[in-house]
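Structural characterization, general
Residue-level listing of the chains:
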There are 2 protein chains.
Amino acid sequence: MALEHAILVSLLEQPGSGYELASRFDRSIGRFWTATHQQIYRVLRRMEADGWIAAEEVAQEGRPDKRVYSAAEPGRRALSAWLRAPVEPETVRHDLAVKIRGAAFDDPSGRAGLVAEVERHRAAHTALLHRYLAGERRDFPDPAALDAQQALQHVVLRGGIEYERMTVAWLDDVLATLHRLG
Amino acid sequence: MALEHAILVSLLEQPGSGYELASRFDRSIGRFWTATHQQIYRVLRRMEADGWIAAEEVAQEGRPDKRVYSAAEPGRRALSAWLRAPVEPETVRHDLAVKIRGAAFDDPSGRAGLVAEVERHRAAHTALLHRYLAGERRDFPDPAALDAQQALQHVVLRGGIEYERMTVAWLDDVLATLHRLG
DNA sequence: TCCTGCTATGCAACTTGTTGCATAGCAACT
DNA sequence: AGTTGCTATGCAACAAGTTGCATAGCAGGA
């Protein structure tokens, strides 16, 4: 499984608590790996038991204490071993595409509902695209002056940007097709 | 869950056995929904018990008998209800993106391995793109003369094609970035 | 002749991922 | 004073997905 590895990479980039990791997964990392806070907490405990990461209790004022994790050497070695092993092609679960093909077997009112649904997704993807673009301007203002870590983060972000662009264009194609069908 | 719905759509387009469904999921449907034969057989039995689909035993020569399923009316109604409910944005599990960001924390030999891995994925995506394009030429030679079902299948296929094009271009970007990093 | 591979289905065990709920203090708004 | 919302973590139960193995007949090549 690779949630462990995604967490390791995130902790190597920046130590953090389970809660902080969960919000990172909701934002940037969520683009290529989704996880709920439950999953993250469970895997964090296992990783700590395996010695892959180390935890430090941090007391806070006005809010509960937190456990800040950072990657330990065995974890870094495990990541390195995983990097050398081939991985499978990405898996996708694209409900909307299933719906689009399914719309052929529904009546016209179902098709009208689908238009609204596609428009909703289009708005969400457009918003995400703009968030990525804003993040790019903020974090990578000078693409010529990046170290290795930043350059790799940037190329992954560019992947997200291109994915969102392509998706918005495709959803426009879907809307045009649905429009032609009446 | 939506595997049920993906199966319903596939059976509405064309009745088939569990084995046939599994190979469809390995080919066209696998683009937006992956499933192993185990999952498919298990869900088919549940769907049959729920009356969503009907099975017919078909004897064959030279090979085992098969159970050919087709969508029943309650299944079509369940699909229709699902089409009217909003769905979540697609979820992605993109190991390769995790690896790319993880490569910042590995030594140069790990980075060399990553180049090979990216090239492997690039070849796979290129092959898939060409398969999709060949399928498009075969199944949709005249895009102006399609019924609703075909038009919807075609627009989903175009989504797959654009996704593969975008991915190949992005992997080239990744390779160029890795090359620049030495 | 043996081995591989394809069609065709399935059990059992295991790992992952999801959902609902619970706690708890504080801030900000109503 | 009450409600909502954020930080912060977690249990328990359930649903979904994966992996390894098994069966079985036939085709085709080494």
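Our subject is the structure that appears above.
Here the structure is a predicted model, which means the values were calculated and not measured.

Another point: the protein's contact with DNA strand C. By nearness alone, 22 residues border DNA strand C, and Arg-42 of chain A together with Gln-38, Arg-45, Gln-60 and Arg-93 of chain B come closest of all. For DNA strand C, the fraction of atoms within 4 Å of the protein that belong to sugar or phosphate moieties is 55%. Secondary-structure elements contributing two or more residues to the surface near DNA strand C are helix 3 (37–49) of chain A together with helix 2 (18–26), helix 3 (37–49) and strand 2 (66–71) of chain B. Split into classes, the residues belonging to the surface near DNA strand C amount to five nonpolar, nine polar and eight charged.

Okay, the nonpolar core next. Ile-100 and Val-118 of chain A together with Ile-7, Phe-25, Trp-33, Ile-40 and Leu-44 of chain B are the most contacted members of the largest nonpolar core, which totals 44 residues. Within the residue set of this core, elements represented by two or more residues are helix 5 (95–102), helix 6 (108–139) and helix 7 (148–180) of chain A together with helix 1 (3–13), helix 2, helix 3, helix 4 (73–84) and helix 7 (148–180) of chain B. Looking at which element gives the most residues to this core, the answer is helix 7 of chain A, with seven residues. With residues near it in sequence (within four places) discarded, Ile-7 of chain B still touches Leu-21, Phe-25, Ile-40, Val-43, Leu-44 and Met-47 of chain B. Counting 40 residues, the second-largest nonpolar core is a separate cluster that includes Phe-32, Leu-44, Met-47 and Ile-53 of chain A.

Inspection of the region around DNA strand D gives 22 residues, with Gln-38, Arg-45, Gln-60 and Arg-93 of chain A together with Arg-42 of chain B positioned closest. For DNA strand D, the fraction of atoms within 4 Å of the protein that belong to sugar or phosphate moieties is 55%. Contact distances for DNA strand D include 2.8 Å between a phosphate oxygen and a side-chain N or O atom of Tyr-19 of chain A. Contacts to DNA strand D include Arg-42 of chain B, whose side-chain N or O atom sits 2.7 Å from a base oxygen. Elements supplying a minimum of two residues to the surface near DNA strand D: helix 2 (18–26), helix 3 and strand 3 (66–71) of chain A together with helix 3 of chain B. Residues belonging to the surface near DNA strand D are distributed by class as follows: five nonpolar, nine polar and eight charged.

Let us look at the packing of aromatic side chains. Per the counting criterion, the structure on display carries one aromatic pair over all chains. Ring geometry for Tyr-163 of chain A and Tyr-163 of chain B: centres 6.0 Å apart, planes at 85 degrees, overall edge-to-face. Remark: Tyr-163 of chain B occurs in helix 7 and Tyr-163 of chain A occurs in helix 7; the pair is interchain, linking two chains. Residue class for Tyr-163 of chain A comes out buried when judged on its relative accessible area of 5%.

Parameters and conventions
Residues numbered from 1 in each chain as written. Chains lettered and ligands numbered in written order. Predicted model: local features only at pLDDT ≥ 70, side-chain atom pairs only at ≥ 80, totals over all residues. Heavy atoms only, no water. Near = heavy atom within 4 Å. Helix = DSSP H or I, 4+ residues; strand = E, 2+ residues; numbered from the N terminus. Nonpolar A, V, L, I, M, F, W, Y, C, P; charged D, E, K, R; others polar. Core = buried A, V, L, I, M, F, W, Y, C linked by side-chain atoms within 4.5 Å. Buried < 20%, exposed > 50% of the residue type's maximum accessible area, 1.4 Å probe, protein only. Contact = heavy atoms within 4.5 Å. Polar contact = N/O pair within 3.5 Å; in protein donor to acceptor, adjacent residues only side chain to side chain. Phe/Tyr/Trp six-rings, centres within 6.5 Å; stacked < 30°, edge-to-face > 60°.

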